[in-house]
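Topology and contacts: notes
Here is how the chains run, residue by residue.
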Amino acid sequence: MENVFPTYSRFPFDLVEGHDVFLTDNNGKTYLDFTSGIGVCSFGYSNELIQKNVEDQAKKIWHTSNLYESAIQDKVAGQLTNDDQLAFFCNSGTEANEAAFKLARKYSGKTTVLAFNNGFHGRTYGSMSLTGNPDIRVGFTPLVPDVKFADYNDEKAISKITSDLAAVILEVIQGEGGVVVADKSWLADVQKACKENDVLLIIDEVQTGIGRTGTKFAYEQFDLDPDIVTSAKALGNGTPIGAMIGNKKLASAFGPGTHGTTFGGNKLSMAAASGVLEQLTPDFLKEVQAKSKLLWEKLNTEIKPLPVVTSITGLGFMVGIHLDEKVPVGDVIGQLQDAGLLTISAKHNTLRLLPPLIMDESNITKGIGLIKSVLDN
Ligand SMILES: *Cc1c(COP(=O)(O)O)cnc(C)c1O
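Every chain is numbered on its own, with residues counted from 1 as its sequence reads. A pLDDT threshold of at least 70 governs which residues receive local features in this predicted model, and a stricter bar of 80 or more applies before side-chain atom pairs are shown or counted, although totals over entire chains, interfaces and linings include all residues. Hydrogens and water are ignored here; the side-chain numbers use all heavy atoms of the structure.

Going by what an unreviewed UniProt entry lists, the protein is known as Acetylornithine aminotransferase and is assigned to Companilactobacillus ginsenosidimutans. UniProt positions are given in the numbering used here, feature names are shortened, and annotations may be inferred rather than shown by experiment. According to the UniProt record, the Cofactor (unreviewed entry) comment for the protein is "pyridoxal 5'-phosphate". Listed under Sequence similarities (unreviewed entry) in UniProt, the entry text for the protein is "Belongs to the class-III pyridoxal-phosphate-dependent aminotransferase family."

Digging into empty space enclosed by the protein
Using a 1 Å grid laid over the protein atoms alone, points where a 1.4 Å probe fits but cannot get out form a cavity; open sets with protein on both sides within 12 Å along at least 5 of 7 lines form a pocket; any residue with an atom within 4 Å of a point counts as lining. Grid points are joined across faces, edges and corners, and a volume is the space filled by probe spheres set on the points. Under the criterion given, the structure shown has 1 cavity of 30 Å³ or more. Here the largest cavity defines a volume of roughly 60 Å³. What lines the largest cavity is simply Thr 64, Ser 65, Asn 66, Tyr 68, Ser 70, Gln 73, Gly 264, Gly 265, Asn 266 and Lys 267. Amino acid classes used here: Ala, Val, Leu, Ile, Met, Phe, Trp, Tyr, Cys and Pro are nonpolar; Asp, Glu, Lys and Arg are charged; the rest, including Gly, are polar. Broken down by class, the residue content of the lining of the largest cavity amounts to 1 nonpolar, 8 polar and 1 charged.

Some thoughts on the site of the ligand
Nearness here has a simple test: a residue counts as near a molecule or strand if at least one of its heavy atoms is within 4 Å of that partner. Taken together, the neighbourhood of the ligand is formed by Ser 92, Gly 93, Thr 94, Asn 97, Phe 120, His 121, Gly 122, Glu 171, Asp 204, Val 206, Gln 207 and Lys 233. Counting of polar contacts relies on pairs of N or O atoms within 3.5 Å, with two restrictions inside protein: one atom must be capable of donating a hydrogen and the other of accepting it, and residues adjacent in sequence are counted only when both atoms are side-chain atoms. At 2.8 Å from a nitrogen atom of the ligand is found a side-chain nitrogen or oxygen belonging to Asp 204. Lys 233 is positioned with one of its side-chain polar atoms (N or O) 2.6 Å from an oxygen atom of the ligand. Only DSSP runs of H or I reaching four residues or more are called helices, and only runs of E reaching two or more are called strands; each is numbered from the N terminus. With 3 residues, the single largest contributor to the shell around the ligand is helix H4 (residues 93-108). Grouping the amino acids of the shell around the ligand by side-chain chemistry returns 2 nonpolar, 7 polar and 3 charged.

Right under this line is the structure:
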């Protein structure tokens, strides 16, 4: 690619067609997909309802500004929230976290936010300033002030949650940071300290949400009651979308003129998201949980014992296979591509798997078999 800033080192092929959980590149080679983009296309590449919703909407109208009522936006907000919540739509994960950061400051009248080392919240200034990864921030200082960091899963972090904070922001599973799952008891302590000190709890579910871990949001499995939840990636199955979901008590701080976006809540993305959320039923999630069980059985029996594997972490359809330093994850990804399987990496030499949630047992088995054959030679 000659005309694009080289912000990504790209694999040397172009995925030009997708069907179900398979992708075909510009050379005609077909791959089984264990990535869903980066946790985006959870319903695969040819979901009928999502496709129909977008096609029907495209024929009617693509865009109106947010200066008018939008029944479809309100419908998706209703599908996404519970009775105590409201939604704000934007176009990406980083924008959802920007909205959360701004709302937390405005509502609380305080400025400081506590975030966590190895966390990832996005690339715009606010979200990047909340991102606990120095590699992402290098060359871009000065950042947004009044952001503090603590170690994830560390009890010492609890004493840093004091009444001068506007908010605490965290992922319940750090995705980019290496698929690190939070301890349930630690999260309970974080929640308790937030409540006691009148500090808002923001959960970034951009990667973990929309069924990825077997529940609509991963925080449900950790018994949390966040004030703000952010969503994006899988919410539109590939159409650009983000959402900040917040408790109704916060509404007074986000009145007319306080925050906005031209494209957020646009009807094409809403049509896709409505199809996603309509299919994210309790029965569908039960199926994801059952298939997750099979996936983890296979990981534990076939992949974990391999000498190059140091550990496997994750939840549901979000998996990190941690590899010995001697085996660079980039090489493994290349060999898996040759073998017809798409995977991605995360920090600390982690092979990351984010298969579409619609993947059936035979393709799960097939993918794990390919991973085993590449890691075992
Ligand atoms: C991907 C991601 C983001 C950023 O989302 P973009 O849509 O790329 O801006 C934020 N938080 C988490 C946890 C993510 O995984």
